[in-house]
Each structure stands twice: as structure tokens, then as C-alpha cells.
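These are the residues of each chain, in order.
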Amino acid sequence: MAVEERAGSRTSRLEVRLVRRGFTDPETAVKLLAEPDLNGLAADPVLLDALGATPDPDLALLGLARLLEALDEPERHTLRDTLTGSKPLRDRLLGVLGASAALGDHLARHPRDWHALVTFELRDIHPGPQDFLRQLSDRVWRNGVTSSAGRADALRTAYRRCLLAIAARDLSRTTDLPQASAELADLAGATLQTALDVAAEEDPEAARVCRLAVIGMGKCGGRELNYVSDVDVIFVAEPREGVDEQRALQAATGLAARMMRLCSDTTGEGAIWPVDANLRPEGRNGPLVRTLASHLAYYQRWAKTWEFQALLKARPVAGDTELGAAYAEATAQLVWQAAERENFVADVQQMRRKVLDSIPATELDRQLKLGPGGLRDVEFAVQLLQLVHGRTDDSLHSGNTLEALAALSAGGYVGRADAASLEAAYRFLRALEHRIQLYRLRRTHLMPTDEHDLRRLARSLAHLINGDTRADPVAALQREWKRHAVEVRRLHEKLFYRPLLDAVAELPAEAVRLSPEAAKARLAALGYADPATALRHLTALAAGVSRKAAIQRTLLPVLLGWFADSADPDAGLLNFRQVSDALGRTPWYLRLLRDESGAAEQLARVLSAGRLAPDLLLRAPEAVAMLGDPQGLLPRGRAVLESEVLAAVGRASGAEAGVAAARSVRRRELFRTAAADVLGRLSEDHGAAVDAAGEALTALNAATLQGALRACVAEWEAENGELPTRLAVIAMGRFGGHELGYGSDADVLFVHDPLLDVLDHDAARAAQAVCHRLRTLLAAPSTEPPLLVDADLRPEGRNGPLVRTLASYGAYYRRWSHAWESQALLRAEPVAGDVELGTDFQRLIDPLRYPGMGVPEKDLLEIRRIKARIESERLPRGADPTTHTKIGRGGLADVEWTVQLLQLQHGHELPQLRTTRTRTALAAASEAGLIEERDAEVLDAAWVLASRVRSAVMLVRGRAGDSFPGDGRELAGVARYLGYGSGHTGEMVDDYRRTTRRARSVVEKLFYGP
């Protein structure tokens, strides 16, 4: 019993020692250490310390046990002796076993491969392509294997033996990240060459008739390969002398395909890695192998910008050396002309967004490669700067990211501190990616979520993590990763824009110095149409030693990036300069932009989104303040607006000043609504956003009319005494429907009711004077935007009196009213003036717009005839009926007339149809079964889309329009508002036509009938 207690006590002490060394499963570790193959090692503190220093001590111990078990007795003793006596071997072997379960499996299958670590221990030089080729050839050609399958397995085994050595050097930090990546690329090239040699040996006739070169692309071409990655290649071939070209291409295609299968086949020892040839001309739809002339013809005529960006890294890696060099030389000349292509900016921007859009939402926060602040951001930034400046600077012609970054820094295109920071982030992210892939030798770029995996990574990268990782290694790793990701995002913006400021401002000598020509080239590459003017704006904003210039130099790198992401960067920069010129000496403005990053971004987005919002802001730049208020962009209700407008009117002296005050409030609130709309703050749902904008604009115009009416009445009464009549303003059309757009007129009817004992003539003259004065002052030229009050929907139109009494309206409608007038009255709603009179007017017209027996057949025919006539006669000359938002196919008129017809027919029996709002009435008709739900959805979608297009046109152009603009930048601005990325304007128009075509089919069925 005492002996057992002593044994248990020893076991407990060993477990404690193991836990202190980082083991997470000490019980299993104790059992392994008791195995015969490991017997005695438990008492060796040096070995336990070495195991505890590995990323995963439990994994390392298990791998060591499996390796020793797989060796025969003499070899096992040799390994044990070497392991305990040689620290370099111990660190390398245990480091590999503690970081890679896959390489542990390889050693268990091929235990004698541990000697590869001893071999590399004795060498001070790094292996190169020929060293790897020699090692692979030894295994493939000199081991007596003659079968195809045997050679394939020999190649894969030899590849992993070389990989084992690279990983050991990497994990023991006897080589750095760039060298390890370069060795992986050299090993890949040697593997491709060996596979090609095997393919040629199996088909010697093919090798005799063609010359075949393998061009490494991507990370393989740039000598910065991962442990596990697709190896991107392009094949180029030429016939040998006297051989027909077609025959040679067929032979080369067979060799290339066989080579790819040798590397990619998963049988036997498993795949080495997939060989991906999809970067070739025409991608997977193009021929696998082309001649050099065929490649060049494609690139000169058909290639897209991203293909030239890909060719930055092209490098011959296998096959015919002379042919590969000729390919690289010929394509390099094309690469450095890519930035001069007309569609360069659009292509680059589209490619950048496409990468982000391709990431599943569930993976976005875990993506090391493609996510924001990831490796692709670094590579994209470096490559774009290379393409822009490499046209005139040969030192930038490198396919390796870190080499190119160093050249950009040396050439003055990137600041030294920024280059060092970006390099550190890139090294950390690549090292993290390497360690993740090394564990299972699987191709992945996602951060794991398992706590044990994260702990292994953190311990493996402890030397790259700032701060102590012992207390909580996982938290330390997460902090370091996020820190680098944020830094990459910051530098990604700064790399493009900060040097532009350094070119125009007096900055310290160590700052980047771009020549004016280089600065213009960079601005052009970023999408600025007039780089010379843009550079002058930057000079005005950033030059000098004032506090204003200093703050703007801090802000501009980020602002320029936001401008460049818009459809019109030039307008954004010009507008910002104008706002800054107006407010630059105002302390709160500079403080707002410096301290409120959200306000600065919102300002940049608004200033570059079109003309309307910037024009409104520039008339009173102090409205910038609302961008810093969390509630500043929420539209205000009618009661609040009306109270403010009436208070402003009350303080004014005279009608002109009163109406000017009302218009000033309207201008500010127009900016509030437009800015909220541009920034997507009204609603995430498109229909709700359209409703919110319509409601806000309706409330604003109603409050403005109320204030103007109050001012004009006060002026009349100051000159003539009490107004002898009551006045009311009735909203019509989209105004009455709460569906106003930014460019809509205010359609109204004016109604008055004389006071008792007042002659009708006197009352009418007073009402006429007030209403005429109101319309004149609201439309008068001013710094404030006009509000055009349109009364043409009144009885007898322009030929009738501007104002009628309630009784006169009643007499007209009873005797002369047409069907179209009943239809127009469906949207009538009092908005200003005497509330009781407005209610009386509604009671007067209800029998007309909701007739008790529905719509008589003759009125139905008349409505349809008018609609058909409008379609044929009112469409502007040259307008496309498929894209005209108002009276075009499936546009606003189609939907509204269809809904209004249902209201006329059924409003008397269905109270829910008695509304002035189109979408509300449409939903009510669907709920009542008057229209199928699917048809209602089609009409609603078309109406919302047409409304959004009209709003976008006004926001972008600054003037109303019913069709897509013809100017390319304006069309791109409309696309951005509608949520389409750069280069997708054609898709936007196609989507519009598809949506409205479906709506027109429903209109044909419901409005015109069978």
C-alpha cells in the first residue's frame, strides 16, 4: 500500500510538472511517457522543457511517441541519442511535431525522414530550386520505381520530406518568413519540373514535338508561397523545328494535363496541391496551352485590367527556360502600360469590391486573406502603386510583395514609417496564415474558433506578439491580430492619399515626396478626372502652417479615399474645399471633423454623392453641424417644422422677409433629408425609405406653405384690414399623396369662403391677391431653393380663377366635372390655412372620388382613353419608354392609375381604400382581394424603384429628371445611390427594365382589361 501511495505521489508530481510546462492533458502525457519507447525521457528535464516550449506539447509528445514506435530498434536508439544530445535537432523535430499534426502523420508513415532535419542542421546556406530538384529526383528516379503510380507517390513523399525541412527551419526561427515563403515557391517549381519530367518520360513523343514552359503566377510566381495553396500557372508552348503548330499544341496540352494530375491526384500519398491554370487567357473556357503569339494577341486585344495585375507576378518556374523568359519579357511590357487603359480605375475598383462581396457573411470577421485589413488589402495597395508608378520607375518591377514595398519606400512613394508598419503587419498575417495551414496541411485562410487551436497558434507566434502571452495567450493573439488588421486598413487608405498631400505641403524631410507629375498620375489612377485641378485643391487645403491646414492634412488622406470610392471624386474634393473655405476658421467645424470620425465620413459621402445636397449645404455651410449629432439626420415632424416656420415668420418684418425665413428653414431641412437619404439613414428597406423621404418632404412643404400663407395674409391685413374670407390650401398629386420627390412641384388647389356680410367680389379679390403673392414669393429668385406652387389642377385649369369659393367648387363639380377630375381628387388633402374649411372641402369632394355606384362604363372608357393618349403623346421626344420613370412602361403613372381606378371602383364600399397614398391603397386592395398578392408585389416593387430612380437623378444632377442620365459619371452616381457597385450601371438599367416590364404586364391585365 505504501509503495502504491508513493507511486501515486510521483505521478501527481509529474502531472504538475507537465501542466507547468504547458500540457493540457497531463494524464495522457504521463501514460505516453510510461511507454517503452519513451521510457526514461520523463526524467529528462531538458526534454520536458523542450516539449513545453512547443506550440502544443501534447501534440508534440504524441507525435514523438508515434515516430519512435515506427522506427526499428537501432534507428530508435539513434534518434533518442541524437534527440537528447543535439539541441538544434530537438528544437526542430519537436517544433514540427508540436505545430503540425499532418507532418507528424508523415513521419509516422516515413519515420526515416527525420534525418532531413539533421541534414539541414549541418548546412548554413539556404536550399534553392536546384537543391530541391535534386532531392525530388533522387526519390523519383533513383529508387527503382518504374510504375506511374509508384513515381507519383515517390514524388509526393519526397515533396513532404522537403516540406518537413522547410517547416523545421521556419518553426525554429533559423529562417525568416520571406525566406521560408521563397523556399516553398522554389520547392513548388522543382515539383512542377519533376512532374513535367515524369509526364515527358511517360510520353516521350510529346516531349520531342513541343517546347513547353510553365509560368508561375500568384504567390508561386512572386516567391511568397503558403504551405498549402493552389499553385497558379500558365502554360505557353511552341512547336519544335519542322513540327506542325496544332500537333505541338496537342502534345503540350497532354503533357500539361498529366503534370497537373501528378500534383493534384489524391490517390496513394494524397495530393501535393491543386495546380490551377484558370488565370490563363479566357480562364477555364480558354485552351489550356497557347503559343506565345496567341498569348500576346489576347492580352493586346481582350485582356481586362485584373489580368495585367495578375501578370505582375508572372515568373518562369519549370519547362523550357528560354521560352519562359521570352514570355516574361513580352508580357512585362504590357503590364506597365495597364495604368494608361481607359477603364483602369473602374476595373481596379470593381475588382476590389468583388473580393469583399465574395466573402460569406459568416466568414467576414475570420478572413485573414480577403477580409478588411487582410493580406489582400496589403497586396492590392502595393500592386496598385506599382502599376501607377512602375511605368516610369523600373525599380518597382518586382512580383514579390515585400520587395515591391521596400522599393516603393526607397523610391519615395510610401513613407518609411508607413512601409515598416505595413511590412510588420504583412509578416504577422502571413505567419499566422502559415501556422494555421501547417497544422493539417489544408488550404484555409480562416482564423479557427476552437480554443485549443487558438492556443497553439498563440504559443507558436509568441515572438511576434507584443506583450506577455503567458497569462492568456489566446486573448493576446486576438489583440495582436486585430491591431494589425486595423493598421492595414489605416495604411491602405493612407498609402494612396498621404503622399499626395506631401507633394503640395511643407512637411518634414523624412516624409514622402512625390513630384507633381507623380501626384497627378496617382490621382488619375484613383479616379479623379481632372488631376491637375484636384492637385490645386489639395494645395489650397493642405499647404501652410495654420491650425486649419494642419488638421486638414490629418483628415485629407481618409477623405480622399472616401471621395475616390464615389462616382465623382472631383466634385467631392471641390465641394469640400468650398465648405472648408467657408467654415475653415470656425473652431467647432475643425473640432467636429477632427474628433467625430463619423461626421467626417458622412460629410465626405454627402459631398461626393451628387449636386443637390452639396448645393444646399454650400448655401449655408453651418448645416454641417447636424452631421455630428446622432439625431441630426432624422427628419423632423410636421408639427415641429410648422412651429419653427411660424415663429420665424412672426419675427420677420413684412411678407418678403417672412417667406424668406420660411424658405431658409426649408432649405436646411431639405439638406437634412437629402443627406439622410444619401447615407441610407432613412431606412434599410427601400420602400420604407421612399415613404420616409416622401413624408419628410411633404411635411416640409406643408409647413413652408403654412408659413408663407401666414406672412402674405399678415401683409394684406396690414394694408387693408381684416381679410374678408377664410383660405385653405389643398394638396394634390404627389403632394397630397405624401409622395413628393426632391424635384416635385407643390400641386395645390386654393379654396376660400367669404366671411358673413362680405361681398363675394371683395372676398375673391382679397383671396386672389394673397394666393398670387404667396406663389410669387415662394418662386422668387433667391439663394434659397424655390418652391413652385402649381395650381393647374383647378377647375378649368389655367383658364379658370386661381381661387374659388367652396360653393363654386361644389357647383362646378356637380355640373361640369370630368372623370379625370374625380381621379385627381383622390389625392386631395388639406395642408395649410383654415382647418375647418379644408375639412369642408374634403366632405364636398368625397362623393366624387368615391362614387356610390363605382365608375360608370363611359367614365371607365374615358379614363383608359386619356391614359393611352398620355402614353402616346406626352413621352418626350427621344425618350426611351422602357426607362422613363413617370409615363414609361411600368412606371409611376402605370401603377398609380391602376391603383386609382380600383379606388374609384371600390372606394365607396371599402373604407380602407380611402387614402391619398399609393402604396397604402395598393396594400389595401390586395388585402381586400381586388388584386392578387403577387401582382400587388410586382406593382409595388416597380413604383418604389421608379421613385428611387427619380430621387437619385435629382440628388445626383441637382435638377429633376424622369429618365436615367446620359452622362457616364451621373449614371454611375445613380447606380451608387441604388446600391450598385462600380461598373454595374448596365446591370442597374437591365434590372429596372425587368422590374417595370413585369409591372406593365399586370397593368395591362388590371387597368386595360382583357
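Summarised in this report is the structure supplied together with it. Treat the numbers as computed from the prediction; the structure is a model and nothing was measured. Along each chain, residues carry numbers from 1 onward, in the same order as the chain's sequence is written. Totals for whole chains, interfaces and linings use every residue, but because this is a predicted model, local features are given only for residues with pLDDT of at least 70 and side-chain atom pairs only at 80 or more, for both listing and counting. Heavy atoms throughout the structure, all of them, feed into the side-chain values; hydrogens and water do not.

**Some points on the overall build of the chain**
Move 1: Secondary structure follows DSSP: runs of H or I at least 4 residues long count as helices, runs of E at least 2 residues long count as strands, and numbering of each begins at the N terminus. Of regular secondary structure, the chain possesses 44 helices and ten strands.
Move 2: In terms of principal-axis extent, the alpha carbons of the chain reach across some 125 × 80 × 70 Å.
Move 3: The buried label goes to any residue with under 20% of its type's maximum accessible area, the exposed label to any with over 50%, and the partly exposed label to all in between, with areas taken from a 1.4 Å probe on protein chains only. Counting across all 1010 residues of the chain, residues that qualify as buried make up 57%.
Move 4: By definition in these notes, contact holds between two residues if any of their heavy atoms fall within 4.5 Å. Taking the intrachain contacts of the chain between residues at least 6 apart in sequence as the baseline, contacts between residues at least 24 apart amount to 73%.

**Overview of the packing of helix 33 (residues 686-720) against helix 35 (residues 760-779)**
Move 1: Axes here mean lines fitted to C-alpha atoms, for a helix over just the part in contact, with angles spanning 0 to 180 degrees between N-to-C directions. Running from amino to carboxyl end, helix 33 crosses helix 35 at an angle of 125 degrees, the nearest separation of the two axes being 9 Å. Put simply, helix 33 runs oblique to helix 35. Considering only the axes of helix 33 and helix 35, their crossing is right-handed. In this structure, helix 33 contributes Thr-704, Leu-705, Ala-708, Leu-709, Cys-712, Val-713, Glu-715 and Trp-716 to the contact, and helix 35 contributes Ala-766, Ala-769, Val-770, Arg-773, Leu-774, Leu-777 and Leu-778.
Move 2: Gly is put with the polar residues, along with every residue not named as nonpolar or charged; the nonpolar set is Ala, Val, Leu, Ile, Met, Phe, Trp, Tyr, Cys and Pro, and the charged set is Asp, Glu, Lys and Arg. Taken together, the residues of the contact of helix 33 with helix 35 break down into twelve nonpolar, one polar and two charged. Any angle from 65 to 115 degrees is called roughly perpendicular, while one under 35 is roughly parallel, one over 145 is roughly antiparallel, and all others are oblique. Left-handed is the label given to a crossing in which the near helix is rotated counterclockwise from the far helix by less than a right angle, and right-handed is the label when the rotation is clockwise.

**Comments concerning helix 20 (residues 401-410)**
Move 1: Of all ten residues making up helix 20, seven are buried, and the element is well covered by its neighbours.
Move 2: Where helix 20 is buried, its residues touch helix 11 (177-202), helix 19 (375-389) and helix 21 (416-440).
Move 3: Here a polar contact means two N or O atoms within 3.5 Å. Within protein one must be a hydrogen donor candidate and the other an acceptor candidate, and residues neighboring in sequence count only if both atoms are side-chain atoms. Of the residues flanking the start of helix 20, the one acting as N-cap is Asn-400, its side-chain oxygen 3.1 Å from the backbone nitrogen of Leu-402.
Move 4: Note on helix 20: the residue one or two positions beyond its end, Gly-412, has a positive phi of about 85 degrees.

**Overview of unusual backbone geometry**
Move 1: Positive phi values are uncommon outside glycine, yet His-738 reaches one of about 60 degrees.
Move 2: Among the structural elements, His-738 can be located in the loop between helix 34 (733-736) and strand 7 (746-754).
Move 3: Positive phi values are uncommon outside glycine, yet Asp-757 reaches one of about 65 degrees.
Move 4: Note on placement: Asp-757 falls in the loop between strand 7 and helix 35.
Move 5: Under the relative-accessibility criterion, Asp-757 is labelled exposed at 84%.

**With respect to the pattern of salt bridges**
Move 1: Whenever a carboxyl oxygen of Asp or Glu lies within 4 Å of a side-chain nitrogen of Lys or Arg, that contact is scored as a salt bridge. Enumeration over the complete set of coordinates arrives at 70 salt bridges.
Move 2: Taking the shortest distance from any N to any O, the salt bridge between Glu-601 and Arg-605 comes out at 3.4 Å. Here Arg-605 and Glu-601 lie together in helix 29 (residues 597-607), a separation of four residues that amounts to about one turn.
Move 3: For Glu-601, a relative accessible area of 31% gives the class partly exposed.
Move 4: Look at Arg-605 and you get partly exposed, because its relative accessible area is 27%.
Move 5: Among the charged side chains, a salt-bridge network with shared partners connects Arg-636, Glu-644, Arg-668, Glu-669 and Arg-672.

**So, the packing of helix 11 against helix 21**
Move 1: At a minimum axis distance of 10 Å, the contact between helix 11 and helix 21 shows a crossing angle of 50 degrees. For the element pair helix 11 / helix 21, the angle class is oblique. In this structure, the crossing between helix 11 and helix 21 has a hand that is left-handed. Counting all contacts with helix 11, which are made through Leu-177, Pro-178, Ser-181 and Leu-184, the residues of helix 21 involved are Arg-427, Arg-430, Ala-431 and His-434.
Move 2: Residue composition of the contact of helix 11 with helix 21, grouped by class: four nonpolar, two polar and two charged.

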